[in-house]
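Descriptive structure summary
Below are the chains, spelled out letter by letter.
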Amino acid sequence: MVDPAVGARRTAPALRETPSTKVAIGGLRAWFGSKQVLSDIDLDLPALRAIAIIGPSGCGKSTLIRTVNRMHELVRGARVEGRVVVDGHDIYAPGVDAVAVRRRIGMVFQKPNPFPTMSVGGNVAAGLRLNGVRDRAVLDAAVEKALRQAALWDEVKDGLDQPGVALSGGQQQRLCIARALAVGPEVLLLDEPCSALDPIATSKIEDLITELKERLTIIMVTHNMQQAARVADYTAFLYLGKLIEFDRTRRIFETPTQELTEKYVTGRFG
Amino acid sequence: MSVGLTGGSNPFRSVSRRDTIRKWHSHLMLVLCIGAVLIALIPLLSILFEVFRQGLPALSYDLLTKRQYFQYFAGGGIANALWGSVLIVGTASLIGMPIGILAGIYLSEYGQGRPAAVVRFFADVFAEFPSIIIGLFAYGVIVVWTGHFSVFAGAFALSVMLVPIVTRTTEEALHLVPDSVREAGLALGLPRWRVTGSVVLRAAKGGLLTGSLLGFSRIFGETAPLVVTIGGSLFFAKGLDDTSSSLTYVVWRGATSGIHAAEVRAWGAATVLLLVVLAINISVRVITSRRAER
Amino acid sequence: MDGPTPIFPTDAPPPSGGPLGSSAQEGSPRKGLRGLLLRALRGRRLGDLVFVNLTRSAAVVVVGLVVGIVASLMISGKPAFEAIGSGFLGPEWLPGGQPPRYGALPLVWGTLVTAGLALLLGVPVAFGIAIVLSELAPPVVRTPLSIVIELLAAIPSVVYGLWGIFILAPFLRDSVYPGLQATWGWTGLFGGAASGYSVLTAAILLAIMIIPTVSAISREVLRAVPVAQREAALALGATPWEVVRMAVLPYGRSGLFGASVLGLARAIGETMAVTMVIGNRNAFFSSLLQPANTIPSVLANEVFEASGTHLSALFALGIILFLVALTINIFAQLLLLRLRRRGAHA
């Protein structure tokens, strides 16, 4: 058993919010019922970068990003302890509204999940409508902007009234990204966004991620190490709910300090 | 987009007026949903309370053992109606259950493709026929044919109601039996009909029992088809060809009679009805939900 | 949903028992007629043939009964259509009158208004219950609560009628209707002396009766909504109610519609509870506090003592009821069928 403390980039929680740190995770633990799935995660995630979280399945990667927009606690019996500090503010502090957190931290899921009864435009506008935007012109402009950011505009601009589920799988996933972008989040969480897509659709999403990190911080879970190597600036390796190593992606893949990391990235695992 | 909102108040805490309104709107709507549950519980509790309050005191040895008197007379019982219900529902079950179970076996074990889909669809629609229509059917076929009201006409109507119910519950129960059980039976060299007849049915017997019980309780509480078929006699039915009363019939006639003595018998009969129906339903639901949780 | 594919076609030879499997019990010789019969039936093809055809004929009975019901109503109702004809469109149902009048329109009107009103009152409550059961209630509460709600469906309709006569109608007459007349009387919907036995009372009783049906189906519909849909709304910062309104209800809308239509079909066919509280007056009504009548109620009250043209006219009413109920029903089943298919694919 490898001691997880060794080599993991431990920082005192909430003390190291240099301007470049967007999300600072400190002493984070998470449970499903009595089963602990994350133990003592400390992680400073820099702003305007793409960060990949890798690890074997069941290591807690999805749980980790779901704690960043307080989605984890929605599962019955799920529990979180510790701190997640976004822009200097602990989102688990008492009095914080989880709904307000989710509005500023967008999320895209494994399988594309557009609302089936809404049109392409309606899907993108859904979040704005929740926020009370009713003005047709404002909505149209926001829809176009979000679809352009998601590199989908050219493909759907003539069919904004078509049902969102009529699009191809890859388009649907970009639609979901556009839907998340429309409310103007500062952090975008991607939970294995390409796992249900073919290679061409995958490469489009990867290109998109590279563009998007100019504007916002991207945290993505992936089971695909090549994908992490291609798009991420930083990579975190999780194993059995513990953070084993976090560093620049290149160093994780070329000169990892932990034996476990090396074994995993070279495919000599288990 | 601004980055680095250090210091100042927590943006995740300071919610706008709009957010506050949204939050309260959400709370309000969900409270209304809980209110809907209460709205449904009030009549349930009121029915149980009133029937038992007025009916339990009426339940006496005489009520359960004496036949009905002419409705203006106090005293007398509902024993003839109790006997009528047992006779009618029993006969209906004897006719309807086997047909329903066999049809359910057909759908589950042999039914494929279009013919089975048609039968299934017919059974679904059939199960929702207004019961008075079934009564009218029995009246047109049995009462008009024999020339008089009878236990059999009522039993026929109820058996017709029972068939689609039992068909669908049987099919569902047999669906729950895994194919491995069938394979095991066939591997023993049993012919298919015996695999179905003994192995599969035995594996599904819990589901068959609960389905049959629910069907039984449904026709036990049925009134409309009986109103037009059994004739409503004050005496014990001597056989299937005789006129009869039933518990539900007594409730209907008594409640609408405006005569106190008959109303008392109506509450008494309603209590017996409710006790039987609730006992069956509660036990079946508790057992099935236990099984589902496992 | 289609049945499981049979493992072997019914007329194919089943696999042999194997070297060890020649099952001793099965092979042991039996004596007497029973043994003889069993051995004959073990000529597998015969046994299977008999059994398959037995079950198939039961299935044919199911279809045959439906056809028989339709045919029987048609045959018995035909003389009335010939004798009365356009008289069915009259404004009054008065079989005892001189001459007898068989206008079915007020009864159709009564049936549709009570059922429609019941739907209006019952469906929102049923959806609320379904939302609680699928979205809010913790599992510990969920099962007992749905059992309790479904008990409402188990209560015989004649017991509802009894309760309606002695509890609900007097309560509405004394505590609700005077207020309704005072505040909403100007609409004209609540005119006349309120005896308690009226269209509105019947509709309220019907609403209570369809709640368990509609809520049980709706709960299943809502539980079939994928978690991903809820999460999509949550991730946009939706409040719990907004999740329901934005993701859950729209996703299940055709199923919810099907549940309501099924509730409507039940309300239209309900007989005993309605006949006991609606006041049984066979004429048009304009106020919801007036007594009226419905087709099932007339059937229950009059078949007993009818004969000749009157009886035939009642069968004709039965056909009308049947057609209305059947149309609504098939519509509901088709809606729910599509839902089941989609559920099977998901």
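Because the structure is a prediction, the values reported are computed rather than measured.

A few points about the pairing of strand 4 (residues 78-86) of chain A
Residues and elements named next belong to chain A.
- Direction of pairing for strand 1 (residues 21-32) relative to strand 4: antiparallel, over a ladder of 8 bridges. Following the sheet pairing, arginine 29 is matched in strand 4 by glutamate 81.
- One ladder, built from 2 bridges, connects strand 4 with strand 5 (residues 89-90); its direction is antiparallel. In the sheet register, valine 85 faces strand 5, and the bridge partner there is aspartate 90.

Things to note about unusual backbone geometry
- Along the chain, Gln98(C) connects to Pro99(C) via a cis peptide bond; the corresponding omega equals -5 degrees.
- Note on placement: Pro99(C) falls in the loop between strand 1 (93-94) and strand 2 (101-102).
- One non-glycine residue, Asp87(A), lies in positive phi territory at about 50 degrees.
- Locating Asp87(A) in the fold gives a position in the loop between strand 4 and strand 5.
- Its 25 C-beta neighbours within 10 Å are what place Asp87(A) among the buried residues.
- The phi dihedral of Asn280(C) is positive, around 50 degrees, even though this residue is not glycine.
- Relative to the elements of secondary structure, Asn280(C) occurs in the loop between helix 11 (272-277) and helix 12 (295-302).
- Given 20 C-beta atoms within a 10 Å radius, Asn280(C) is considered buried.

Quick look at the interface of chain C and chain B
- Taken together, the contact pairs 85 residues of chain C with 87 residues of chain B.
- Of the residues forming the side of chain C that touches chain B, the biggest block, 19 residues, is contributed by helix 3 (residues 44-84) of chain C.
- Of the residues in the side of chain C that touches chain B, the class split is 55 nonpolar, 22 polar and 8 charged.

Some points on the confidence of the model for chain B
Residue and element names in this part refer to chain B.
- Confidence along chain B averages 88 in pLDDT terms, with 94% of residues attaining 70 or more.
- Element-level mean pLDDT values for chain B span from 82 in helix 2 (residues 61-65) up to 95 in helix 10 (residues 224-227).
- Segment residues 1-7 is flagged for pLDDT under 50; beyond a separation of four residues in sequence, or across chains, it makes 15 contacts in the model.
- For this predicted complex, the interface confidence score (ipTM) comes to 0.91, while the overall pTM stands at 0.87.

About the criteria used
- Residues numbered from 1 in each chain as written.
- Chains lettered and ligands numbered in written order.
- Predicted model: local features only at pLDDT ≥ 70, side-chain atom pairs only at ≥ 80, totals over all residues.
- Pairing = 2+ DSSP bridges.
- Helix = DSSP H or I, 4+ residues; strand = E, 2+ residues; numbered from the N terminus.
- Buried ≥ 20, exposed ≤ 12 C-beta atoms within 10 Å, placed from the backbone.
- Contact = placed C-beta atoms within 7 Å.
- Nonpolar A, V, L, I, M, F, W, Y, C, P; charged D, E, K, R; others polar.
- pLDDT = per-residue confidence, 0-100.

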